[in-house]
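# Structural overview
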Amino acid sequence: MNAIWTPVTASLPQAGHVVLACYRNASKKWRVVCAYWAPSGTIESDADSEAGDYDATTDTYYDPEGWYECIDNWLDNSAIAINEGEVTHWMPLPDAPAGGGS
């Protein structure tokens, strides 16, 4: 099955919804990562975040607008801003494999 990539210029995924994101890194090599898009003022920052944008109206810190790579094996972080390139395309994650194999 061929994947169908959506250009970010055509549409963006739902805020906070994990997708596959594609960008060229500083070495001009393509990277494909699990990531989510955070529009400004939509994803509440982690209590320990040092990069949150403060909204005085709601007394809440939010992640700055941008793409965040999901990290599921770090103890301190669950996502980190993608800063080494600009995401150009995204697509939904595929379904997990069926069955109960090991």
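For the structure itself, consult the block above.
Let us look at the structure shown here. (Residues numbered from 1 in each chain as written. Predicted model: local features only at pLDDT ≥ 70, side-chain atom pairs only at ≥ 80, totals over all residues. Heavy atoms only, no water.)

## A few points about the packing of aromatic side chains
As enumerated under the stated definition, the model contains three aromatic pairs in all. With a centroid separation of 5.4 Å and 15 degrees between ring planes, the pair formed by Tyr36 and Tyr68 is classed as stacked. You can see Tyr36 sitting in strand S3 (residues 30-38) and its partner Tyr68 sitting in strand S6 (residues 66-70), a full 32 residues away along the chain. Across the pair, Tyr68 and Tyr36 agree in class, each one buried. Between Tyr54 and Tyr61 the ring centres are 4.9 Å apart and the planes differ by 50 degrees, which places this aromatic pair in the tilted class. We classify Tyr54 as partly exposed; its relative accessible area is 45%. Classification of Tyr61 by relative accessible area gives partly exposed; the value is 48%. (Phe/Tyr/Trp six-rings, centres within 6.5 Å; stacked < 30°, edge-to-face > 60°. Helix = DSSP H or I, 4+ residues; strand = E, 2+ residues; numbered from the N terminus. Buried < 20%, exposed > 50% of the residue type's maximum accessible area, 1.4 Å probe, protein only.)

Read these as geometric descriptors, not functional statements.
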